[in-house]
Amino acid sequence: MLERRRAQLGSEMNHMHVSDVSWVFAVVILFICALLVCHIVFTLWKQRGHLHQLSEQHSTIVHSLPMSLGMISTMTICMVIGAIMSHHVSAAYIAGLLTGVFVSGVISLPFRDAIPLLDGIVAGTMGGLMGVMVGVMIPEIGLYTIVILLTILFTVTWVIMDRRIRSQPAE
């Protein structure tokens, strides 16, 4: 009886921090993030000549944009991935790492320079791994709140940076 109770407590302890996120919520958030990433890539691709000029002028926006957008986008996406895959933690971290590299690489690709691309990929990888870590550990109600707030922060970050890029004079 005592050993059975210990096994039950051990099982409960292993699943104590596991969050079960709603699939509808996860799909909606991932869809919003995918739309934002597509909009970012499309907009930056259209403005890649302007981005190249900003790079030659050593504008700080060339480095801060891939880092900021790479980190916030992958953290938001990977937090949902971590919550979905919370029963398979090792696979979640691998998925977060690969998602971080891929998403931030795609966002940083229009910059035509290896340094902003590398900045974006490094920041995106960190964001992906942090997102999975938080997504696996946080209780369900906190997860919903944080993911919604991160999605809002991701959107606001992109809007502000897009306005900043457009306001920079092109030579």
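Note that the coordinates shown come from a computational prediction; the quantities given were computed from them, not determined experimentally. (Residues numbered from 1 in each chain as written. Predicted model: local features only at pLDDT ≥ 70, side-chain atom pairs only at ≥ 80, totals over all residues. Heavy atoms only, no water.)

Asker: Let's hear about the overall build of the chain: which residues, and what values?
Answerer: The number of helices and strands found in the chain is 7 helices and 0 strands. Listing every helix and strand of the chain by position from the N terminus yields α-α-α-α-α-α-α. By residue count, 42% of the 171 residues in the chain fall in the buried class. Across the chain, contacts joining residues at least 24 apart in sequence account for 85% of those joining residues at least 6 apart. Surface summary for the chain: the accessible area is close to 9600 Å², and the carbon and sulfur share equals 71%. (Helix = DSSP H or I, 4+ residues; strand = E, 2+ residues; numbered from the N terminus. Buried < 20%, exposed > 50% of the residue type's maximum accessible area, 1.4 Å probe, protein only. Contact = heavy atoms within 4.5 Å. Areas by Shrake-Rupley, 256 points an atom, 1.4 Å probe, with all protein chains shown as cover.)

Asker: Requested: an account of helix α7 (residues 140-167), with residues and values cited.
Answerer: In this model, α7 (28 residues) spans 41 Å end to end at C-alpha, consistent with the 40 Å of a helix rising 1.5 Å per residue. Every buried residue of α7 is accounted for by L143, Y144, V147, L150, T151, F154, T157, W158, M161, D162 and I165. (Expected span 1.5 Å × (residues − 1).)

Asker: Go over the nonpolar core with me, naming the residues and quoting the values.
Answerer: Core analysis: the biggest nonpolar cluster contains 38 residues, and L44, L65, L69 and F154 have the highest contact counts within it. Mapped onto this core, the elements with two or more residues apiece are α2 (23-46), α3 (48-56), α4 (61-84), α5 (89-108), α6 (114-137) and α7. At 12 residues, the largest contribution of residues to this core is made by α4. If we skip the residues at most four places from it in the chain, L69 touches I40, I107, F154, T157, W158 and M161. (Core = buried A, V, L, I, M, F, W, Y, C linked by side-chain atoms within 4.5 Å.)

Asker: Summarise the packing of α2 against α4; cite the residues concerned and give the values.
Answerer: Their axes nearest at 10 Å, the elements α2 and α4 cross at an angle of 160°. Classified by the angle their axes make, α2 and α4 are roughly antiparallel. Crossing handedness for the pair α2 and α4: left-handed. Residue-level contacts link W23, A26, I29, L30, C33, I40 and L44 of α2 to L65, L69, T76, I77, V80 and I84 of α4. (Axes fitted to C-alpha atoms, helices over the stretch in contact; angles between N-to-C directions. Parallel < 35°, antiparallel > 145°, perpendicular 65-115°, else oblique. Left-handed = near helix turned anticlockwise from the far one by under 90°.)

Asker: For the side chain of S86, give the residues involved together with the corresponding values.
Answerer: Here S86 lies in the loop between α4 and α5. Relative accessible area serves as the criterion here: at 3%, S86 is assigned to the buried category. Within the structure, the side chain of S86 is placed 3.3 Å from the backbone oxygen of A83, a separation counted as a polar contact. (Polar contact = N/O pair within 3.5 Å; in protein donor to acceptor, adjacent residues only side chain to side chain.)

Asker: I'd like a rundown of the packing of aromatic side chains, residues and numbers included.
Answerer: Considering all chains together, one arrives at 1 aromatic pair under this definition. Note on F25 and Y144: the rings are 4.6 Å apart at their centroids and 90° apart in plane angle, and the pair reads as edge-to-face. Placement of the pair is F25 in helix α2 and Y144 in helix α7, with a sequence separation of 119 residues. The exposure classification of F25 matches that of Y144, with both residues buried. (Phe/Tyr/Trp six-rings, centres within 6.5 Å; stacked < 30°, edge-to-face > 60°.)

Asker: Describe the pattern of salt bridges, naming the residues involved and giving the relevant values.
Answerer: This structure, assessed with the given rule, holds 1 salt bridge. A salt bridge links R166 to D162; the shortest N-O distance between them is 3.1 Å. With R166 and D162 both in helix α7 and 4 residues apart, the pair spans about one turn of that helix. Classification of R166 by relative accessible area gives exposed; the value is 53%. Judged by its relative accessible area of 11%, D162 falls in the buried class. (Salt bridge = Lys/Arg side-chain N within 4 Å of Asp/Glu carboxyl O.)

Asker: Would you mind going over the packing of α2 against α7 in detail, with residue names and values included?
Answerer: Between α2 and α7, the least distance of the axes is 11 Å, while the angle of their chain directions is 10°. Here α7 runs roughly parallel to α2, going by the angle between their axes. Between α2 and α7, the residues in contact are F25, I29, I32, C33, L36, V37, H39, I40, T43 and L44 and Y144, V147, I148, T151, F154, T155, W158, D162, I165 and R166, respectively.

Asker: Break down the environment of I40 for me, with residues and values.
Answerer: Secondary-structure assignment places I40 in helix α2. Here I40 falls in the buried class, since its relative accessible area comes to 0%. For the pair I40 and L69, spaced 29 residues apart in sequence, the C-alpha to C-alpha distance is 9.0 Å. When near neighbours in sequence (up to four residues on either side) are disregarded, I40 contacts L69, I107, F154 and W158.

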